[in-house]
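# What the coordinates show
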Amino acid sequence: MITQIKGRLVEKNPTDVVIDCNGVGYLLHISLHTYSLIPDQEVLQLYTHLLIREDAHILYGFAQKSEREIFRLLISVSGIGASTARTMLSSLHPDQIKDAIASNDVATIQSIKGIGAKTAQRVIIDLKDKILKVYNIDEVSLSQNNTNKDEALSALETLGFNRKIVGRVVDGILKESPNETIENIIKKALKKL
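Everything numeric in this text was worked out from a predicted model, so none of it was measured.

### Concerning the overall build of the protein chain
Per the secondary structure count, the protein chain includes nine helices and five strands. The secondary structure elements of the protein chain, listed N-terminal to C-terminal, are β-β-β-α-β-β-α-α-α-α-α-α-α-α. The globule rule puts the C-alpha radius of gyration for 193 residues at 16 Å, and the 22 Å found for the protein chain is more than 25% above it. Judged by the C-alpha coordinates and their principal axes, the protein chain covers about 70 × 35 × 25 Å. The buried share of the protein chain, reckoned over its 193 residues, is 38%. Put simply, 49% of the contacts in the protein chain that link residues at least 6 apart link residues at least 24 apart. Carbon and sulfur atoms make up 48% of the accessible area of the protein chain, which amounts to about 11000 Å² in all. Across the protein chain, the mean location of the 24 positive side-chain charges is 4 Å away from that of the 23 negative side-chain charges.

This is the structure:
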């Protein structure tokens, strides 16, 4: 319904702002991330998400469309409400949340106040595929710090193979035997390619 608001900044707090738009003051709840990006200028534009509940209509404001998108994804998870999603965006940079979900990093999500292990796992299970698809993240690029894997990928790429395809093959090899040597990874990959 209301996708953005542009007007004169009347009040700025770490948790909310008031924007005067043609004589009407809109209260927008914001994250600390958005707060840090809001300039102390007269005119301000924020992207918004309108949450309609039985007892209230609440506007959430975001300095960037990408943060609003992460917020919308988070509130789509059962057990994550708007205030929890805002806390998550206040605790971590939106890119950190996105990367943690994409790389199954339960510890990072769980480090946010009020998020337990089960909720962190639910967030990752529910959103991983969406995050990978929406942000076009290649799971191979999220490779954990496996130097053997990285060196094998580089060698195979140098031989002219597509990195994405090679990445999937190497991932399969490492699932079967995680401590494989670089030479064996390359040999097995060449047999499968």
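### Quick word on unusual backbone geometry
Phi at Asn 22 is positive, roughly 55 degrees, even though this residue is not glycine. As for its placement among the helices and strands, Asn 22 is situated in the loop between strand S2 (16-21) and strand S3 (24-29). Exposure remark for Asn 22: the relative accessible area of 78% places this residue in the exposed category. We note that Asn 104 has phi near 60 degrees; this positive angle belongs to a residue other than glycine. Locating Asn 104 in the fold gives a position in the loop between helix H4 (94-102) and helix H5 (106-110). Judged by relative accessible area, Asn 104 falls into the partly exposed class, the value being 43%.

### Focus on the pattern of salt bridges
Summed over the entire model, instances satisfying the criterion amount to four salt bridges. The closest approach of N and O atoms between Lys 12 and Asp 40, which form a salt bridge, is 3.1 Å. With Lys 12 in strand S1 (residues 4-12) and Asp 40 in the loop between helix H1 (32-37) and strand S4 (43-52), this residue pair connects regions lying 28 residues apart in the sequence. On the basis of relative accessibility, which here comes to 25%, the residue Lys 12 falls in the partly exposed class. Judged by relative accessible area, which is 69%, Asp 40 ranks as exposed. Between Arg 53 and Asp 55 there is a salt bridge, with the nearest N and O atoms lying 3.3 Å from each other. The class for Arg 53 is partly exposed, based on a relative accessible area of 43%. Overall, Asp 55 belongs to the exposed group, its relative accessible area being 62%.

### Comments concerning the sheet that holds S2
Through backbone hydrogen bonds, the strands of a sheet pair up, either in parallel or in antiparallel fashion. Sheet architecture is closed into a barrel: five strands sit in the order S1-S2-S3-S5-S4, paired in mixed fashion. Going across the sheet, the axis of each strand differs from the next one's by a mean of 55 degrees, ignoring polarity. For S4 and strand S5 (residues 57-62), the ladder comprises six bridges, and the chain directions are antiparallel. In the strand pairing of S5, Thr 48 is matched with Gly 61. Across the face of the sheet, helix H2 (residues 65-75) comes into contact with S4 and S5 while running at roughly 10 degrees to S4. Against the sheet, helix H3 (residues 82-91) touches S3, S4 and S5, its axis set at about 15 degrees to S5.

### Concerning the packing of H2 against helix H6 (residues 117-134)
H6 packs onto H2 with a crossing angle of 135 degrees between their chain directions and a minimal axis gap of 10 Å. Taken together, the axes of H2 and H6 lie oblique to each other. In this structure, the crossing between H2 and H6 has a hand that is right-handed. The segment H2 lies against H6, with Ile 70, Leu 73 and Leu 74 engaging Val 123, Leu 127, Lys 130 and Ile 131.

What counts and how
- Residues numbered from 1 in each chain as written.
- Predicted model: local features only at pLDDT ≥ 70, side-chain atom pairs only at ≥ 80, totals over all residues.
- Heavy atoms only, no water.
- Helix = DSSP H or I, 4+ residues; strand = E, 2+ residues; numbered from the N terminus.
- Rg over C-alpha atoms; globule rule 2.2 N^0.38 Å.
- Buried < 20%, exposed > 50% of the residue type's maximum accessible area, 1.4 Å probe, protein only.
- Contact = heavy atoms within 4.5 Å.
- Areas by Shrake-Rupley, 256 points an atom, 1.4 Å probe, with all protein chains shown as cover.
- Lys, Arg positive; Asp, Glu negative; His and termini not counted.
- Charge placed at Lys NZ, Arg CZ, Asp CG, Glu CD.
- Salt bridge = Lys/Arg side-chain N within 4 Å of Asp/Glu carboxyl O.
- Pairing = 2+ DSSP bridges.
- Axes fitted to C-alpha atoms, helices over the stretch in contact; angles between N-to-C directions.
- Parallel < 35°, antiparallel > 145°, perpendicular 65-115°, else oblique.
- Left-handed = near helix turned anticlockwise from the far one by under 90°.

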